[in-house]
Amino acid sequence: MSLRASERAQPMRADRRDPDLPTPPSPASAAHALRPLAPPRARRALLALAPAAAIALSGWVGAPAASAQPSPWPQRPLRFVVPFAPGGPLDVTARLIAQPLGAELQQPVIVDNRPGAGGSTGAAIAARAAPDGHTLLMGALSTHAVNPFLYPDVGYDAERDFVPVTLVARVPNVLVVHPGLKVESVAQLVALARAKPGQLAYGSGGGGSGGHLAGALLAQRARIELVHVPYKGAAPAMADLVAGRVPFMFDNLASALSQLKAGRVVALAVTSPARSRFLPDVPTMAEAGQPGVDITAWFGVFVPAGVPSDRVARLHALVAGILAQPAVRERMASFGRDTAAVGAVAL
């Protein structure tokens, strides 16, 4: 893993002058500039014109400021970019927020799914949007904490190109397997991988996602060789797991919970430091014999850098208010999410 290096400034050659810089005065013009001051009568005439010139200049300078009134916002529907496929945890959460947010702003909030590159494709699209408060991004662990360090160029700077609005939720990952794999513990899964080095595959929501990182950590800690199969979101990865096309995956608890309740997949462990209140009988990875595989995913709302601070503050207040509604909290809990509207500082 490598960080993107900053571009180095190129030294300016003496024979290549910046065209935006003023032309140095020639010796002749310099001598002209040093000529004696104007006669007293001319100086008095110039001083007499100074107040009128100052008034005219102040009117010219002040004109744009007088007309630069804050424009109404929002002026059109808002776009809520989700950098993963429909049906995944970020998509479901964004849609849960979008409808009441649109009602508060009196403008539709349209969810725009832009999957690819572990979330980097959608994040880059949001980063390039106009900083006017009409574009939001549902960011995540992968888009802002993993991908920028995993890939040489994701098309954006996670810190420079975005302003955080609020943290939305924290969710652990859960190690789930297809029932046909016939393993009942992490220890049995590790033993199977050791017996078949390089043959056991796991799916994830994409390169750089929390599921990808958890699988890589397990392979490193347990000293096993696994094959990573990235998808354009957790939903298609889970679909292939249920169908038996991939034997296991680390999925966000929020998206895996319904399949677990239906018995289509089996949970072996969660990747949080403590057991989840949604799966109290499922051990942590540390309890299952693999300490250090500790990854808790998070979701958060971001806007492009440069959005006026009053609009960011209003968005935060509205989203926090939506997440505090009992009905929304109950719905989030049914998905295995712990809401956490604690402000931009947490991000």
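The shown structure was predicted, so the numbers you read here are calculated from the model rather than taken from an experiment.

On to the pattern of salt bridges, then. When the charged atoms of two side chains lie near each other, side chains of opposite charge can form a pair. As enumerated under the stated definition, the model contains seven salt bridges in all. As a salt-bridge pair, Glu-287 and Arg-275 come within 2.9 Å of each other at their nearest N and O atoms. Of the two residues, Glu-287 sits in the loop between β8 (266-270) and β9 (296-304) while Arg-275 sits in the loop between β8 and β9, which places them twelve residues apart along the sequence. Connected through shared salt-bridge partners, Arg-79, Asp-112 and Arg-114 make up one network.

Mapped onto the elements, Gly-263 comes out in the loop between α9 (253-262) and β8. Classification of Gly-263 as partly exposed rests on a relative accessible area of 45%. Sequence-wise, Gly-263 and Val-242 are 21 residues apart; in three dimensions their C-alpha atoms are separated by 9.8 Å.

Using the criterion set out here, one finds five aromatic pairs in the structure. Measuring from centroid to centroid gives 6.1 Å for Phe-162 and Phe-302, while their planes differ by 75 degrees, and the two rings are edge-to-face. With Phe-162 in strand β4 (residues 162-177) and Phe-302 in strand β9, this residue pair connects regions lying 140 residues apart in the sequence. The same class applies to Phe-162 and to Phe-302, which are both buried. Ring geometry for Trp-298 versus Phe-302: centroids 6.4 Å apart, planes at 45 degrees, classification tilted.

Let's shift gears to the pairing of strand β2 (residues 109-113). Of all five residues making up β2, four are buried, and the element is well covered by its neighbours. Here strand β1 (residues 78-82) runs beside β2; their pairing, made up of five bridges, is parallel. Residue pairing in the sheet places Val-82 in a bridge with Asn-113 of β2. In this fold, the crossover linking β1 to β2 by way of helix α3 (residues 89-105) has right-handed handedness.

Residues shown with low pLDDT carry predicted positions that ought not to be read at fine detail. Summary statistics for the protein chain give a mean pLDDT of 82 and a share of 77% for residues scoring 70 or more. Predicted confidence for residues 1-67 stays below pLDDT 50, and this span has 14 contacts to residues more than four positions away or in other chains.

This paragraph deals with empty space enclosed by the protein. In the structure shown here, the tally under the stated rule is one cavity of 30 Å³ or more. By volume, the largest cavity is sized at about 260 Å³. Every residue lining the largest cavity is counted, 22 residues in all, and those nearest its centre are Phe-84, Pro-89, Ser-209, Gly-210 and Asn-252. Put simply, the parts of the chain that give the lining of the largest cavity at least two residues each are α3, α5 (141-150), α7 (210-222), β7 (248-252) and β9. Considering each element in turn, the lining of the largest cavity owes the most residues, four residues, to β7. Looking at the lining of the largest cavity, its residues break down into eleven nonpolar, ten polar and one charged.

Relative orientation of the contacting elements α3 and helix α10 (residues 309-324) amounts to 125 degrees, with a least axis distance of 10 Å. With respect to α10, the axis of α3 lies oblique. Judged by the sense of rotation from one axis to the other, the crossing of α3 with α10 is right-handed. Contacts between α3 and α10 involve Ile-97, Pro-100, Leu-101, Glu-104 and Leu-105 from the first element and Arg-314, Leu-315, Leu-318, Val-319, Ile-322 and Leu-323 from the second.

For Ser-272, the location among the structural elements is in the loop between β8 and β9. According to the relative accessible area criterion, Ser-272 is buried, its value standing at 11%. At 2.6 Å, the side chain of Ser-272 and the backbone oxygen of Ala-274 are in polar contact. Once residues lying within four places of it in the same chain are set aside, the contact partners of Ser-272 are Pro-172, Thr-284, Asp-294 and Thr-296.

Where α10 meets helix α11 (residues 326-334), the axes come as close as 5 Å, and the angle between the chain directions of the two elements is 70 degrees. Relative to α11, the element α10 lies roughly perpendicular. In contact with Ile-322, Leu-323 and Ala-324 of α10, α11 contributes Pro-326, Val-328, Arg-329 and Met-332. Grouping the amino acids of the contact of α10 with α11 by side-chain chemistry returns six nonpolar, no polar and one charged.

Conventions adopted
- Residues numbered from 1 in each chain as written.
- Predicted model: local features only at pLDDT ≥ 70, side-chain atom pairs only at ≥ 80, totals over all residues.
- Heavy atoms only, no water.
- Salt bridge = Lys/Arg side-chain N within 4 Å of Asp/Glu carboxyl O.
- Helix = DSSP H or I, 4+ residues; strand = E, 2+ residues; numbered from the N terminus.
- Buried < 20%, exposed > 50% of the residue type's maximum accessible area, 1.4 Å probe, protein only.
- Phe/Tyr/Trp six-rings, centres within 6.5 Å; stacked < 30°, edge-to-face > 60°.
- Pairing = 2+ DSSP bridges.
- Right-handed = clockwise from strand over helix to strand, strands pointing away.
- pLDDT = per-residue confidence, 0-100.
- Contact = heavy atoms within 4.5 Å.
- 1 Å grid on protein atoms, 1.4 Å probe; cavity = no way out; pocket = protein on both sides within 12 Å on 5 of 7 lines; lining within 4 Å.
- Points joined across faces, edges and corners; volume = space filled by probe spheres on them.
- Nonpolar A, V, L, I, M, F, W, Y, C, P; charged D, E, K, R; others polar.
- Axes fitted to C-alpha atoms, helices over the stretch in contact; angles between N-to-C directions.
- Parallel < 35°, antiparallel > 145°, perpendicular 65-115°, else oblique.
- Left-handed = near helix turned anticlockwise from the far one by under 90°.
- Polar contact = N/O pair within 3.5 Å; in protein donor to acceptor, adjacent residues only side chain to side chain.

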